[in-house]
Amino acid sequence: LSPKLYVPARNNTPNASQTMTASHDPRPHNGGLEKAIHERRNHDRAIRVIFLDIDGVLNNVRQKDAMSIDNNCLKLFAELVIKTSSYIVMSSTWRKHPAFMDFLLIKFRALNIEDRLIGKTSVIGDFERVAEISTWIRRFETKYSFPLDGWVAIDDMHLDAHDETPNKIMRGHF
């Protein structure tokens, strides 16, 4: 499982109205995490994670609104999540904007994958996605005392080209 999507990026910075009118979502976007941990510990079920970018993956250059999702791409993604029994961790810049996350959760809920969203990566800096993914994995494995059973990053950025980790963690995962 190592899909690559290379689609030209667009400027998708939210405008003032999108960030100011956003309802604050008090939930830390980890709906299914405790259930996943319970199933892993008690039933030896695998925990597979998809680190998800949105812009250029679930939307495309034909869409004019920054806060938009291509429904066909989303349906294919939901099918991937369900068929692989994977969980979702947001690595997209969308994770920084409550209005965007609210919009995405509504879309996920419509396809019954909202509870597959178990977290989001920390913000380390611009174009630091590899470090952010690496940090999330390390913190998860330290906190729960077991490794992920598999993970992949679906992103339109060439993450392997930005991988400065000592053991090149993106190799085979992007």
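## What to know about the pattern of salt bridges
Okay, so step 1: In the structure shown here, the tally under the stated rule is five salt bridges.
Okay, so step 2: R129 is paired through a salt bridge with D53; the nearest N and O atoms lie 3.3 Å apart. In this pair, R129 is assigned in helix α5 (residues 129-144) and D53 in the loop between β1 (48-52) and α3 (71-84), connecting sequence segments 76 residues apart. Summarising the burial analysis for this pair, R129 and D53 share the class buried.
Okay, so step 3: Close ionic contact of D155 with R129 constitutes a salt bridge, the shortest N to O distance being 2.6 Å.

## With respect to the environment of F140
Okay, so step 1: Relative to the helices and strands, F140 is located in helix α5.
Okay, so step 2: Once you skip the residues sitting within four places of it in the chain, F140 turns out to touch L33, I37, I47, S145, F146 and L148.

## Structural notes on the side chain of R95
Okay, so step 1: Structurally, R95 is set in the loop between β2 (86-90) and α4 (98-110).
Okay, so step 2: Looking at R95, its side chain comes within polar contact range of the main-chain oxygen of T121, at 2.9 Å.
Okay, so step 3: Those residues in contact with R95 that sit more than four places away from it in its chain are M90, M101, K120, T121, S122, V123 and E132.

## Concerning the pairing of strand β3 (residues 117-120)
Okay, so step 1: Summarising the sheet, β2 and β3 pair through three bridges and their orientation is parallel. Directly across from V89, in β3, lies its bridge partner G119.
Okay, so step 2: At this point the chain moves from β2, through α4, to the parallel β3, and the crossover so formed is right-handed.

## Observations concerning the layout of surface pockets
Rolling a probe over the atoms, with the probe sized like a water molecule, indicates the empty space that remains.
Okay, so step 1: One number sums up the size of the second largest pocket: a volume of about 220 Å³.
Okay, so step 2: In this structure, the second largest pocket is lined by eleven residues; those nearest its centre are G119, K120, W136, R139 and F140.
Okay, so step 3: Those elements that provide at least two residues to the lining of the second largest pocket are β3 and α5.
Okay, so step 4: At five residues, the largest contribution of residues to the lining of the second largest pocket is made by α5.
Okay, so step 5: Among the residues making up the lining of the second largest pocket, the classes are represented as six nonpolar, two polar and three charged.

## Some thoughts on the nonpolar core
The nonpolar side chains of soluble globular proteins are, as a tendency, buried together.
Okay, so step 1: L52, F77 and F108 are the most contacted members of the largest nonpolar core, which totals 25 residues.
Okay, so step 2: When contributions to this core are tallied by element, the ones reaching two or more residues are β1, α3, β2, α4 and β4 (150-154).
Okay, so step 3: In terms of residue count, α4 provides more of this core than any other element does, six residues in total.

## Some words on the packing of aromatic side chains
Okay, so step 1: Tallying each qualifying case throughout the model produces nine aromatic pairs.
Okay, so step 2: When the centroid spacing of 5.0 Å and the interplanar angle of 50° are considered together, the rings of F140 and Y144 count as tilted. Placement of the pair is F140 and Y144 together in helix α5, with a separation of four residues, close to one helical turn.
Okay, so step 3: Here F140 falls in the buried class, since its relative accessible area comes to 4%.

## Quick notes on the sheet that holds β2
Okay, so step 1: Here four strands make up an open sheet; going across it, the order is β3-β2-β1-β4 and the pairing parallel. Every interior strand has two partners, whereas the edge strands, β3 and β4, have only one. Taken pair by pair, the neighbouring strands of this sheet meet at an average axis angle of 25°, ignoring direction.
Okay, so step 2: Relative to β2, β1 is paired through five bridges, and the arrangement is parallel.

Cut-offs used in this document
- Residues numbered from 1 in each chain as written.
- Predicted model: local features only at pLDDT ≥ 70, side-chain atom pairs only at ≥ 80, totals over all residues.
- Heavy atoms only, no water.
- Salt bridge = Lys/Arg side-chain N within 4 Å of Asp/Glu carboxyl O.
- Helix = DSSP H or I, 4+ residues; strand = E, 2+ residues; numbered from the N terminus.
- Buried < 20%, exposed > 50% of the residue type's maximum accessible area, 1.4 Å probe, protein only.
- Contact = heavy atoms within 4.5 Å.
- Polar contact = N/O pair within 3.5 Å; in protein donor to acceptor, adjacent residues only side chain to side chain.
- Pairing = 2+ DSSP bridges.
- Right-handed = clockwise from strand over helix to strand, strands pointing away.
- 1 Å grid on protein atoms, 1.4 Å probe; cavity = no way out; pocket = protein on both sides within 12 Å on 5 of 7 lines; lining within 4 Å.
- Points joined across faces, edges and corners; volume = space filled by probe spheres on them.
- Nonpolar A, V, L, I, M, F, W, Y, C, P; charged D, E, K, R; others polar.
- Core = buried A, V, L, I, M, F, W, Y, C linked by side-chain atoms within 4.5 Å.
- Phe/Tyr/Trp six-rings, centres within 6.5 Å; stacked < 30°, edge-to-face > 60°.
- Axes fitted to C-alpha atoms, helices over the stretch in contact; angles between N-to-C directions.

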